[in-house]
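# Observations on the three-dimensional arrangement
Residues per chain, in single letters:
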2 protein chains.
Amino acid sequence: MRLVIAKCTVDYSGRLDAHLPQAVRLLMIKADGCVAIHADGGAYKPLNWMNAPNLFRESGEGSELTWIVTNDKSEKLTIQLHEVLSDSSHEMGSDPGLEKDGVEAHLQELLAANVEQISAGMVLVRREYPTNIGPVDLLCRDQNGQAVAVEIKRRGEIDGVEQLSRYLEFLNRDSNLKPVTGIYAAQEIKPQARVLAEDRGIECLILDYDELRGIESNELKLF
Amino acid sequence: MRLVIAKCTVDYSGRLDAHLPQAVRLLMIKADGCVAIHADGGAYKPLNWMNAPNLFRESGEGSELTWIVTNDKSEKLTIQLHEVLSDSSHEMGSDPGLEKDGVEAHLQELLAANVEQISAGMVLVRREYPTNIGPVDLLCRDQNGQAVAVEIKRRGEIDGVEQLSRYLEFLNRDSNLKPVTGIYAAQEIKPQARVLAEDRGIECLILDYDELRGIESNELKLF
DNA sequence: CTGTTCATCTCGTAA
DNA sequence: TTACGAGGTGAACAG
């Protein structure tokens, strides 16, 4: 990894056009060739960047170096270096990578194992119940034996309501299931999504991840 | 900005849990306190990070330093530094920031100012016309006085068609507007999006950004 | 290889 | 402050 601190101006042209006025910034060039330009503030996202694979060309000399980075999608990043304050390279080797735990898939597992938390007497028919337009997260039957399709999201936005509506439309064509009602379950449901869901007769359910995890661990303790 | 190259292990706990095994990485600490951990490859996104504002604590000594970064949302980033290979700081001053050109807002402005480019006699009612499920980009009336809802995208994909369909559904409940037709306008419309749009009776319109900008500047020249 | 969905999304902006 | 939608979204996964 090469790290350069320099007073520079930058122009990007590609999916949009962008320009950075002259200032001191960090230019980061990784081993795979990708380039990132960071200011000393803001979040982790660089001001400008160019992903690998790309072509890096250096031209000019002295106090007016120019870096031009291009790729095969006709994107172009032009960096004018007016003054280089630091330039260093570091050997780092390959990275073993990140291990994650606690994302959305876990939520579906937890709820599938505890469908009676949705309403008393609810029974799971199956997870990822297939339809022609994709699988529904959960298909259940309530205490009266009526089919219920459940769509689970971490954050319930309007797209998820559309998705569930489409599933219901298809499920209701199956005379063995009809009539099928819908439940939209999420840790958080946005107001607009709620409006649309209720407009379509879909029930909204707020999930408590910690509570579900608590129930799970309590049940495990019983055995 | 402080840049440290070190052999380290990292643990993050907060919105999820994540762990990084021991390896040499770049640790970046910006002036506003945010911390990012980069490997020498992958894209511009760091492996782990912690945004400002946060609390940074350094403890231990010699070859076993520990950095603990916490914030008020009970997120915690723990960095064990097993070997520091480089540690430097750089004064960079504030950044004038990025100037962008060619994003969706520009397209909407340009088209709003030139609605007769959509079709002859078209008149703008208002931009960001509100509905219960969000604002429509443009509401217009055509030469016959019939209401037309326009959804503008830079890249026209299928979810934009869904979005416009929802707006039309709600707008058509308003007896002052009914019947409302839809136009899906984008610089580029994906084949699947076009099929769905036409299936729903929504007209597709390809926008030429340069052309719209040209019309705009020509009109300016007239005055 | 495209298409779809998730993300510690980030980021801006308007109510 | 919160809600909402765009993003040079990126990244992972399924078909």
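It is worth spelling out the overall build of chain A at this point. Scanning chain A for helices and strands turns up four helices and 13 strands. The C-alpha atoms of chain A give 26 Å as radius of gyration, which overshoots the globular expectation for 223 residues (17 Å, by more than 25%). A principal-axis box enclosing the C-alpha atoms of chain A has dimensions of 80 × 40 × 30 Å. Long-range pairs, those at least 24 residues apart, make up 48% of the contacts in chain A with a sequence separation of at least 6. Of the roughly 11300 Å² of accessible surface on chain A, a fraction of 48% belongs to carbon and sulfur atoms. Mean positive and mean negative side-chain charge positions of chain A (24 and 36 charges, respectively) differ by 3 Å.

So, about the layout of surface pockets. Volume-wise, the largest pocket comes out at about 930 Å³. The wall of the largest pocket is formed by 36 residues, among which Y12(B), G14(B), R15(B), L16(B) and D17(B) lie closest to the centre. Taken together, the elements giving at least two residues each to the lining of the largest pocket come down to β8 (99-101), α1 (104-112) and α4 (209-221) of chain A together with β2 (17-29) and β4 (48-50) of chain B. Grouping the constituent residues of the lining of the largest pocket by class yields 14 nonpolar, seven polar and 15 charged. For the second largest pocket, the calculated volume is near 570 Å³. If you go around the second largest pocket, you meet 28 residues; those closest to its centre are Y12(A), K45(A), L47(A), N48(A) and W49(A). It is strand β4 (residues 48-50) of chain A that contributes the most residues to the lining of the second largest pocket, three residues altogether. Considered class by class, the residues forming the lining of the second largest pocket number 13 nonpolar, six polar and nine charged.

As a further point, take the packing of helix α2 (residues 158-171) of chain B against helix α3 (residues 191-199) of chain B. All names here are of chain B. In the contact formed by α2 and α3, the axes pass within 8 Å of each other and the chain directions differ by 25 degrees. Classed by the angle they form, the pair α2 and α3 counts as roughly parallel. Touching I158, V161 and E162 of α2 are Q192, A193, L196 and A197, all from α3. When the residues that make up the contact of α2 with α3 are grouped by side-chain class, the tally is five nonpolar, one polar and one charged.

Bringing the protein's contact with DNA strand C into the picture now. Looking at DNA strand C, there are 19 residues lining it, with A43(A), K100(A), R154(A), R15(B) and N48(B) nearest. By atom count, sugar and phosphate contribute 79% of the portion of DNA strand C lying within 4 Å of the protein. Between DNA strand C and the protein, one listed contact pairs a base oxygen with a side-chain N or O atom of N48(B) at 2.9 Å. Those elements that provide at least two residues to the surface near DNA strand C are β11 (147-156) of chain A together with β4 of chain B. Here the residues of the surface near DNA strand C are counted per class, giving seven nonpolar, four polar and eight charged.

Taken domain by domain, chain A consists of domain 1 (2-89) and domain 2 (104-221). Spacing between the C-alpha centres of domain 1 of chain A and domain 2 of chain A amounts to 47 Å.

This part is about the sheet that holds strand β12 (residues 181-189) of chain B. All names here are of chain B. As summarised here, the arrangement of the five strands in space is β9-β10-β11-β12-β13, forming an open sheet in which the pairing is mixed. Single-partner strands in this sheet number two, and they are β9 (123-129) and β13 (203-206). In this sheet, neighbouring strand axes are inclined to one another by 30 degrees on average, regardless of whether the strands run parallel or antiparallel. Where strand β11 (residues 147-156) lies against β12, eight bridges are found, and the strand directions are parallel. Bridge pairing in β12 links V148 to T181. Relative to β11, α2 is tilted by about 165 degrees, and along the sheet it contacts β9, β10 (136-141), β11 and β12.

Next up on the list: the packing of aromatic side chains. Within the structure shown, the criterion is met by four aromatic pairs over all chains. Its end group placed over the ring of F170(A), R173(A) keeps NZ or CZ at 4.4 Å from the ring centre.

What follows deals with the side chain of H38(A). Along the chain, H38(A) falls in strand β3 (residues 35-38). There is a polar contact of 3.3 Å between the side chain of H38(A) and the side chain of K30(B). In this structure, H38(A) is in contact with R25(A), L26(A), M28(A), Y44(A), K45(A), P46(A), L47(A), M1(B), M28(B), K30(B), H38(B) and M92(B), ignoring residues within four places of it in sequence.

As a further point, take α3(B). Residues and elements named next belong to chain B. Here α3 has its buried residues at A193, L196 and A197. All buried residues of α3 project into a common sector of 100 degrees when viewed along the axis, lining one side. More than 90 degrees from the buried face of α3, the exposed residues found are P191, V195 and D199. The inward-facing, buried residues of α3 abut β11, α2, β12 and β13. G201 sits one or two residues past α3 and shows a positive phi near 75 degrees.

All names here are of chain A. Here G214 shows up in helix α4. Looking at G214, the relative accessible area reads 24%, which means it is partly exposed. Placed 67 residues apart in sequence, G214 and A147 show a C-alpha to C-alpha distance of 27 Å.

Below, the discussion takes up the nonpolar core. Within the largest apolar cluster, 43 residues are counted, with the highest numbers of intra-cluster contacts made by A149(A), L171(A), A149(B) and L171(B). Contact partners of L171(B), with chain neighbours within four places excluded, come to Y129(B), T131(B), V136(B), L139(B), A149(B), L177(B) and V180(B).

Right, let's get into the relation of the copies chain B and chain A. The operation relating chain B to chain A is a screw motion whose rotation component is 171 degrees, with 0.9 Å of axial translation and a residual RMSD of 2.2 Å. Most of the interface of chain B is mirrored in chain A, where 88% of its interface residues are also at the interface.

Rules used in this analysis
Every chain begins its residue count from 1, and numbering advances along the sequence as written. The order in which chains are written sets their letters, starting at A; the order in which ligands are written sets their numbers, starting at 1. In keeping with the predicted nature of the model, local features appear solely for residues at pLDDT of at least 70, side-chain atom pairs appear and are counted solely at 80 or more, and the whole-chain, interface and lining totals rest on all residues. Water and hydrogen atoms were dropped before computing side-chain values, which therefore reflect all heavy atoms in the structure. The helix count covers DSSP runs of H or I at least four residues long, the strand count covers runs of E at least two residues long, and both are numbered beginning at the N terminus. Atoms considered for the radius of gyration are the C-alpha atoms alone. The globule rule reads 2.2 Å times the number of residues to the power 0.38. Contacts are assigned to residue pairs with any non-hydrogen atoms lying within 4.5 Å of each other. Note on areas: these come from Shrake-Rupley sampling with a 1.4 Å probe, and a residue is covered only by the protein chains present in the view. Positive charges come from Lys and Arg, negative ones from Asp and Glu, while His and the chain ends are left out of the count. A charge is said to be at NZ when it belongs to Lys, at CZ for Arg, at CG for Asp and at CD for Glu. For each structure, a 1 Å grid was placed over the protein atoms alone; sets of points admitting a 1.4 Å probe that cannot get out are labelled cavities, open sets with protein on both sides within 12 Å along at least five of seven lines are labelled pockets, and lining residues have an atom within 4 Å of a point. Grid points are joined across faces, edges and corners, and a volume is the space filled by probe spheres set on the points. Note on residue categories: nonpolar means Ala, Val, Leu, Ile, Met, Phe, Trp, Tyr, Cys or Pro, charged means Asp, Glu, Lys or Arg, and polar means any other residue, Gly included. Think of each axis as a best-fit line through the C-alpha atoms, taken over the contacting stretch in the case of a helix, with angles from 0 to 180 degrees between the N-to-C directions. Each angle gets one of four labels, with under 35 degrees taken as roughly parallel, over 145 as roughly antiparallel, 65 to 115 as roughly perpendicular, and the rest as oblique. Residues are classed as near a molecule or strand on a simple rule: at least one heavy atom within 4 Å of it. Pairing of N or O atoms within 3.5 Å defines a polar contact, subject to two protein rules: one partner must be a possible hydrogen donor and the other a possible acceptor, and residues neighboring in sequence count only if both atoms are side-chain atoms. An automatic or database domain assignment supplies the residue ranges for each domain. A pair of strands is considered paired only if DSSP assigns at least 2 bridges between the two. Between rings of Phe, Tyr and Trp, where Trp is taken as its six-membered ring, a pair exists when centres lie within 6.5 Å; planes separated by under 30 degrees are stacked, by over 60 edge-to-face, and by other angles tilted. Look at NZ for Lys and CZ for Arg. If either is within 6 Å of the ring centre and within 35 degrees of the ring normal, a charge sits over the ring. Think of it in three bands: with a 1.4 Å probe and only protein chains considered, a residue is buried below 20% of the maximum accessible area for its type, exposed above 50%, and partly exposed in between. This arc corresponds to the set of directions leading from the helix axis out to the C-beta atoms. Residues belong to one nonpolar core when they are buried, are Ala, Val, Leu, Ile, Met, Phe, Trp, Tyr or Cys, and are joined through side-chain atoms within 4.5 Å. Superposing the copies works by least squares over the C-alpha atoms of residues that have pLDDT at least 70 in both of them.

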